[in-house]
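# Residue-level structural notes
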Number of protein chains: 2
Amino acid sequence: MRLLIVEDDVSLGPLLKKEMERHGFAVDLADNGVDGEIMGEVEPYDAVILDLGLPKRPGIEVLQHWRAKKNDVPVLVLTARDAWHERVDGFKAGADDYLGKPFHTEELLVRINALIKRANKQTGGTFKHGDITLDEERQCVVDATGTSHELTGTEFRLLRYFMHNPGKILSKTILTEHVYDYDSDKDSNVIEVYVKRLRQLLGKDVIETRRGQGYIFRG
Amino acid sequence: MRLLIVEDDVSLGPLLKKEMERHGFAVDLADNGVDGEIMGEVEPYDAVILDLGLPKRPGIEVLQHWRAKKNDVPVLVLTARDAWHERVDGFKAGADDYLGKPFHTEELLVRINALIKRANKQTGGTFKHGDITLDEERQCVVDATGTSHELTGTEFRLLRYFMHNPGKILSKTILTEHVYDYDSDKDSNVIEVYVKRLRQLLGKDVIETRRGQGYIFRG
DNA sequence: TGTTGCCGTGACCAATGTATGATAAACCAT
DNA sequence: ATGGTTTATCATACATTGGTCACGGCAACA
């Protein structure tokens, strides 16, 4: 899952980035409104964390621009606590959720996960599809036989994206974009290699190959 | 839009009901968890407002039961203010949004509308003609008997062009030009071969031959 | 009814995309 | 740094596909 954080506070931004990366997100960070807006237009993020008080361009404006251009990426807005009118404004500008500062990281994490699930039309706390259950907190997976496997970072990011988009054809390009962040440009067969590893863990049939098109996850 | 409110507070429930009805919703009200759960299962609501502190059965449990039964109606959870762990639990149980009590009605409205809007944004990438349904996203086709077939790239491109031009006579030259990007100078029988393959999948009569002129697709 | 040319069909192979094991490089905690 | 784990790359083996061909059949026309 790729995440964009737009936050100018130098003591908060990098901390958030690190924290979210620990939980298996590929994170890009922008420290002002203009950069943030462009990045949000160019890269295919699965969710955005947007501070409202930003230098160069206010967060509300960034959000409005995105929505005006039909960019409907899920956006969680960070606001000052108890400024409910500000939050209503944020909602009207197209935010999907908000969180008042200061906040607990765990709550932020849960909300981001909820946003992504909602965007992918999934429900439920334990992430399950078919016989396969993914524990997003412990980054491990339980297969059809009930055996639990620990996942490495990349394995987890890939499997999670698959499980959030079951039944869809996912091209290697798409998968690469959602598993890795901005700095990486892979023209290699990493995805093939990790698909193979996931198949070793979960069984051959869990991921189906569509030659020339991509892969399909089937629980 | 049909709305279910599950709220036991007699000073809040009826008020909410009235308020939401003023804004064009058809509202049912349940004042305990058991009734609420049953109503949510039986009636097709567009959204649910669910209080967590309920008599007879806790709201969290109601929500979990629904989700376990694959009932993915959008649910907005009402929680006590500042009980962030409670909100985390709510999200994990499958809530789509929450609101801390006390709240402003305007904010509740905005959120409910956002929820419904999101849920209705169904994307059906299927293309149907007669008994044949083409899934343009998964590149597969469902025939008259309900059997689903996967299509290879060329099969898909050809069938798609047929289905976008049903009833028309399509010459092999035309088909070649639309299935292949540039080189229409194929003096081969590729089209014949692929027409044959499509007929094998979907039945003889789906594509009719017009000797010397071309083919006609008939759903 | 015979001739002509278009179409249907199964077999076939080369091109292209994918799988996989081995290996090297990067990373991380001690 | 050190040892162990994770990640990426490469070379090669493998599988599917797209497209060709030869031949047999059928339709239209004389």
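Everything in this summary refers to the structure shown in the same document. (Residues numbered from 1 in each chain as written. Chains lettered and ligands numbered in written order. Predicted model: local features only at pLDDT ≥ 70, side-chain atom pairs only at ≥ 80, totals over all residues.)

### Some details on the sheet that holds strand β11 (residues 207-210) of chain A
Residue and element names in this part refer to chain A. Note the following rule: Any two strands between which DSSP finds at least two bridges are classified as paired. In this description a helix means any DSSP run of H or I spanning at least four residues, a strand means any run of E spanning at least two, and both kinds are numbered starting from the N terminus.
The strand order across the open sheet built from three strands is β10-β12-β11, with neighbouring strands paired in antiparallel fashion. Whereas interior strands pair on both sides, the edge strands pair on one side only; in this sheet they are β10 (169-170) and β11. In the sheet, β10 pairs with strand β12 (residues 214-217) via two bridges, with the strands oriented antiparallel. Bridged to Leu170 within β12 is Tyr215.

### Focus: unusual backbone geometry
To be explicit about the condition: Any residue surrounded by 20 or more other C-beta atoms within 10 Å of its C-beta is treated as buried, while 12 or fewer makes it exposed and the intermediate range makes it partly exposed; C-beta atoms here are placed from the backbone.
For the peptide bond that leads from Lys101 of chain A to Pro102 of chain A, omega is -5 degrees, which places it in the cis range. With phi around 75 degrees, Lys56 of chain B is a residue other than glycine that occupies positive phi space. Its identity as a non-glycine residue notwithstanding, Lys70 of chain B has a phi of 65 degrees, on the positive side. Structurally, Lys70 of chain B is set in the loop between α3 (59-68) and β4 (75-80). According to the C-beta neighbour criterion, Lys70 of chain B is exposed, with 8 such atoms within 10 Å.

### Looking at the protein's contact with DNA strand D
Definition in use: We count a residue as near a molecule or strand when its backbone-placed C-beta atom lies within 6 Å of that partner.
Of all residues adjacent to DNA strand D, which total 20 residues, the nearest are Thr152, Gly153 and Ser188 of chain A together with Thr152 and Ser188 of chain B. When contributions to the surface near DNA strand D are tallied by element, the ones reaching two or more residues are α6 (153-164) and α8 (190-202) of chain A together with α6 (153-164) and α8 (190-202) of chain B.

### Regarding the sheet that holds strand β7 (residues 132-135) of chain B
All names here are of chain B. The condition that has to hold: Inter-axis angles, ranging from 0 to 180 degrees, are taken between N-to-C directions of lines fitted to C-alpha atoms, where helices are fitted over the stretch in contact. Contacts here follow a simple rule: the backbone-placed C-beta atoms of the two residues must lie within 7 Å.
One open sheet accounts for four strands, arranged β6-β7-β8-β9; its pairing is antiparallel. Of all strands in the sheet, those bounded by a partner on one side alone are β6 (126-129) and β9 (148-150). The sheet shows a mean angle of 20 degrees between the axes of neighbouring strands, taken without regard to direction. Strands in contact with α6 are β6, β7 and β8 (140-142); relative to β7, the strand with the most contacts, it is inclined by about 125 degrees.

### Here's the deal with the environment of Asn71 of chain B
All names here are of chain B. You can see Asn71 is positioned in the loop between α3 and β4. Sequence separation between Asn71 and Glu41 is 30 residues; the distance between their C-alpha atoms is 7.5 Å. If we skip the residues at most four places from it in the chain, Asn71 touches Gly40, Glu41 and Trp66.

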